[in-house]
Amino acid sequence: MAVAPDTAADLVYQIFDLQRAVRCIATASARGQDTGVALQGVLRFVGEGESRATKLAERLGVSAPVLSRHIADLEEQGFVVRRQDPDDGRAQLVALTPSGAEKLRHIEEQRTAVLQDYLRDWSEEDVGTTAKTLHKLTESLKTSARATAAGSTKTSV
């Protein structure tokens, strides 16, 4: 079953509007902290587990030099460490330090508290339903993006 063009256009608008609102919340939450929104985003992805820097850049949608600067900043602050990938000496693995894990926990607690305050007039059921719908949307978009990328890789090889 295909989605009508007007419905898809409305969803795109709503997604962009949501992105703007989330950026505003993230920016407000980051004020006065030693890590800005961009570094917090990198910290979150690194917090999902040790990973190659190139994979992190890909997942974040940034270039390797941009990610390298962010990692250097986080490393200087003592939040991440880099080490050579034992499987490929040319690649680096990035992981959180204990201090980085604590910083990430603090950031996430602060964002959760801000969001709880902003959604104080929502019911638990509304929040749960919205979270499930956003998860379904995210998974569908990721699956479609991967399939599209795989298809373009196959045709260009």
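Preceding this section is the structure that the text describes.
Below or above, wherever it landed, is the structure these notes cover.

Here is what the cut-offs are and how they apply
- Residues numbered from 1 in each chain as written.
- Predicted model: local features only at pLDDT ≥ 70, side-chain atom pairs only at ≥ 80, totals over all residues.
- Heavy atoms only, no water.
- Helix = DSSP H or I, 4+ residues; strand = E, 2+ residues; numbered from the N terminus.
- Buried < 20%, exposed > 50% of the residue type's maximum accessible area, 1.4 Å probe, protein only.
- Lys, Arg positive; Asp, Glu negative; His and termini not counted.
- Charge placed at Lys NZ, Arg CZ, Asp CG, Glu CD.
- Axes fitted to C-alpha atoms, helices over the stretch in contact; angles between N-to-C directions.
- Parallel < 35°, antiparallel > 145°, perpendicular 65-115°, else oblique.
- Left-handed = near helix turned anticlockwise from the far one by under 90°.
- Contact = heavy atoms within 4.5 Å.
- Nonpolar A, V, L, I, M, F, W, Y, C, P; charged D, E, K, R; others polar.
- Pairing = 2+ DSSP bridges.

**Some details on the overall build of the chain**
When helices and strands are tallied, the chain shows six helices and three strands. The helix and strand sequence of the chain, counted from the amino end, reads α-α-β-α-α-β-β-α-α. For the chain, buried positions account for 20% of its 157 residues. Of the charged side chains in the chain, 20 are positive and 22 negative; the average position of the first set lies 5 Å away from that of the second.

**Section: the packing of helix α2 (residues 37–46) against helix α3 (residues 53–60)**
Contact geometry of α2 with α3 gives a least axis separation of 11 Å together with a crossing angle of 120°. The orientation of α2 with respect to α3, classified from their angle, is oblique. Relative to α3, α2 is oriented so that their crossing is right-handed. Of the residues in α3, those touching α2 at Gly41, Val42, Phe45 and Val46 are Leu56, Arg59 and Leu60. Per-class residue counts for the contact of α2 with α3 are five nonpolar, one polar and one charged.

**Re the environment of valine 80**
Within the fold, valine 80 resides in strand β2 (residues 80–85). Apart from the residues within four sequence positions on either side, valine 80 is in contact with Leu43, Val46, Ile71, Leu74, Glu75, Val94, Ala95, Leu96 and Thr97.

**Overview of the packing of α3 against helix α4 (residues 64–76)**
Running from N to C, α3 and α4 cross one another at 110°; their axes reach a closest spacing of 9 Å. Comparing the axis directions of α3 and α4 gives the class roughly perpendicular. On α4, the residues that touch Ala53, Leu56, Ala57 and Leu60 of α3 are Ala64, Leu67 and Ile71. Split by residue class, the contact of α3 with α4 holds seven nonpolar, no polar and no charged.

**Structural notes on the pairing of strand β3 (residues 88–96)**
Examined bridge by bridge, strand β1 (residues 51–52) and β3 share two bridges and lie antiparallel to one another. Of the residues in β3, the one forming a bridge with serine 51 is valine 94. In the sheet, β2 pairs with β3 via six bridges, with the strands oriented antiparallel. Among the inter-strand pairings, arginine 82 is bridged to a residue of β3, identified as valine 94.

**Considering the environment of serine 99**
Tracing the backbone shows serine 99 in helix α5 (residues 98–118). Here serine 99 falls in the partly exposed class, since its relative accessible area comes to 36%. Expressed as a C-alpha distance, the spacing of serine 99 and glycine 78, which sit 21 residues apart in the sequence, is 6.7 Å. The contacts of serine 99, once residues within four sequence positions are left out, are Gly78 and Phe79.

Remember that the coordinates give geometry; whether it matters functionally is a separate question.
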